[in-house]
Amino acid sequence: LGYKLRQQISKALQRCSEAICNAINWYNTQATSLIPPRLKIAWKDIADYTFLGKFDLLQDSCADIQDKDWARPAHCEATTKYFKLCQAREEII
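Overview of the structure.

Calculation rules
- Residues numbered from 1 in each chain as written.
- Predicted model: local features only at pLDDT ≥ 70, side-chain atom pairs only at ≥ 80, totals over all residues.
- Heavy atoms only, no water.
- Salt bridge = Lys/Arg side-chain N within 4 Å of Asp/Glu carboxyl O.
- Helix = DSSP H or I, 4+ residues; strand = E, 2+ residues; numbered from the N terminus.
- Buried < 20%, exposed > 50% of the residue type's maximum accessible area, 1.4 Å probe, protein only.
- Polar contact = N/O pair within 3.5 Å; in protein donor to acceptor, adjacent residues only side chain to side chain.
- Contact = heavy atoms within 4.5 Å.

1. Topic: the pattern of salt bridges
Here comes step 1: What the rule picks out here adds up to two salt bridges.
Here comes step 2: Residues Lys-4 and Glu-90 are paired through a salt bridge, measuring 3.6 Å at the closest nitrogen-oxygen approach. Remark: Glu-90 occurs in helix α4 (residues 73-92) and Lys-4 occurs in helix α1 (residues 3-33); sequence separation between them is 86 residues.
Here comes step 3: Given a relative accessible area of 45%, Lys-4 falls into the partly exposed group.

So this is what it looks like as structure tokens:
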């Protein structure tokens, strides 16, 4: 990712960090009440996820999102390359 995009993502995460922390706390509360209990997650875990396949939380959901077009590795990679190309054009201009 380009520097500008990383900065934008960082600022967006900072703005949303309270909501994300609340969601993590809510998930952890619910996860411990399930049978069998699910593992708790932490902010560090969320920050380390780079692809949906690593997001075990989504694997336990009712809807299997891994079958969606946007979750396929090829589509994910194409999207990443598209945005890198857009960023390169922006930096050139």
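2. Examining the side chain of Asn-28
Here comes step 1: Note on placement: Asn-28 falls in helix α1.
Here comes step 2: Separated by 2.8 Å, the side chain of Asn-28 and the backbone nitrogen of Ile-41 make a polar contact.
Here comes step 3: Discounting chain neighbours no more than four positions away, the residues touching Asn-28 are Lys-40 and Ile-41.

3. Comments concerning the environment of Ile-41
Here comes step 1: Position of Ile-41 among the secondary structure elements: in the loop between α1 and α2 (43-48).
Here comes step 2: For the pair Ile-41 and Asn-25, spaced 16 residues apart in sequence, the C-alpha separation works out to 8.6 Å.

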